[in-house]
Amino acid sequence: MSVVCQHAPFHSPFEGTINLQMSAKESISTEPPTHKGFLTIFQEESRLGAWNRRWCSVQDNKIYYWLYPEDEINQNKAPHGEIDLRNCKSEKVSVASRLECARPNTFVLVTQAASKPGDRCSIITETNNNVTQTKYLLSADSRQERKEWIDVLNQCLLIVTSWNTK
């Protein structure tokens, strides 16, 4: 790349044309990681909370979930729900404190998005000034699986924040 020096100060050592050669290397992958397995998700049901075991899959910076693993393979079955990691409020997924949740191997994910008509406050959702914030409690089957899920989700969040893919 050539840059022409125009309007350089009189005593400047630069004049004429400067030739630049640059190279860049990615420090992180731009491809979001993928991961699959069962998670138990705390969801609102009839204005009460309930834990539901779901087959989950991380793809394209989203967590999709189905009732059964076969439902993901079946092209005619839409996901039962999804969590868009691009709307994650926090920069890192963390282990839930005992005050937040006594269930073992639980981690917390908080998302924030523009409010939609029909959004209302609930045990997992807060709506304030055109913004809806949802707090997801997700529980893995073991400490090792919790660590794997948190690592994958934090890698997704790193990509989202680094490349501003919101």
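The structure reproduced in this document is the subject of the present report.

Rules and cut-offs
- Residues numbered from 1 in each chain as written.
- Predicted model: local features only at pLDDT ≥ 70, side-chain atom pairs only at ≥ 80, totals over all residues.
- Heavy atoms only, no water.
- Helix = DSSP H or I, 4+ residues; strand = E, 2+ residues; numbered from the N terminus.
- Buried < 20%, exposed > 50% of the residue type's maximum accessible area, 1.4 Å probe, protein only.
- Contact = heavy atoms within 4.5 Å.
- Areas by Shrake-Rupley, 256 points an atom, 1.4 Å probe, with all protein chains shown as cover.
- Phe/Tyr/Trp six-rings, centres within 6.5 Å; stacked < 30°, edge-to-face > 60°.
- Lys NZ or Arg CZ within 6 Å of the ring centre and 35° of its normal.
- Pairing = 2+ DSSP bridges.
- Core = buried A, V, L, I, M, F, W, Y, C linked by side-chain atoms within 4.5 Å.
- Salt bridge = Lys/Arg side-chain N within 4 Å of Asp/Glu carboxyl O.

## Focus: the overall build of the chain
Step number 1: From N to C terminus, the chain includes two helices and 10 strands.
Step number 2: Listed by position from the N terminus, the elements making up the chain come as β-β-β-β-β-α-β-β-β-β-β-α.
Step number 3: Per-residue burial over the chain gives 35% buried out of 166 residues.
Step number 4: Once local pairs closer than 6 in sequence are excluded, the contacts in the chain between residues at least 24 apart make up 49%.
Step number 5: In the form shown here, the chain has an accessible surface area of approximately 11,200 Å², with 50% of it arising from carbon and sulfur atoms.

## Remarks on the packing of aromatic side chains
Step number 1: Per the counting criterion, the structure on display carries three aromatic pairs.
Step number 2: When the ring of Y64 is compared with that of W66, the centres are 6.3 Å apart and the planes differ by 35°; the resulting orientation is tilted. The exposure classification of Y64 matches that of W66, with both residues buried.
Step number 3: A cation over an aromatic ring shows up here: R53 above the ring of F38, its NZ or CZ 4.2 Å from the ring centre.
Step number 4: Taking NZ or CZ as reference, R103 lies 4.6 Å from the ring centre of W51, over its face.

## Notes on the pairing of strand 4 (residues 48–59)
Step number 1: Two elements, strand 3 (residues 35–45) and strand 4, share 11 bridges in a ladder whose sense is antiparallel. Pairing of T40 across the sheet is with R53, part of strand 4.
Step number 2: Where strand 3 folds back on strand 4, the antiparallel hairpin that results is connected by two residues, among which S46 adopts a positive phi of roughly 55°.
Step number 3: Where strand 4 and strand 5 (residues 62–66) come together, five bridges link them in antiparallel fashion. The partner of Q59 across the bridge, within strand 5, is K62.

## Structural notes on the nonpolar core
Step number 1: Ranked by size, the top nonpolar core spans 21 residues in total, and within it I63, F107, L109 and L138 carry the most contacts.
Step number 2: Elements that contribute at least two residues to this core include exactly strand 3, strand 4, strand 5, strand 8 (106–114), strand 10 (131–139) and helix 2 (143–163).
Step number 3: Looking at this core element by element, the count peaks at six residues for helix 2.
Step number 4: Those residues in contact with F107, other than ones at most four positions away along the chain, are L39, V93, S94, V95, A96, Y136, L137, L138, R146, W149, I150 and L153.
Step number 5: Residues F42, A96, V108 and L137 belong to the second largest nonpolar core, which totals seven residues.

## Some thoughts on the pattern of salt bridges
Step number 1: Tallying each qualifying case throughout the model produces eight salt bridges.
Step number 2: For D71, the salt bridge is made with K77, and the minimal N-O distance between the two is 4.0 Å.
Step number 3: Residue classification places K77 among the partly exposed positions, given a relative accessible area of 43%.
Step number 4: When the shortest N-O distance is used, the salt bridge between E100 and K135 registers 3.0 Å. With a gap of 35 residues between them, E100 in the loop between strand 7 (94–95) and strand 8 and K135 in strand 10 connect regions that are remote in the sequence.
Step number 5: On the accessibility criterion, E100 (34% relative accessible area) is partly exposed.
Step number 6: For K135, a relative accessible area of 34% corresponds to the partly exposed category.

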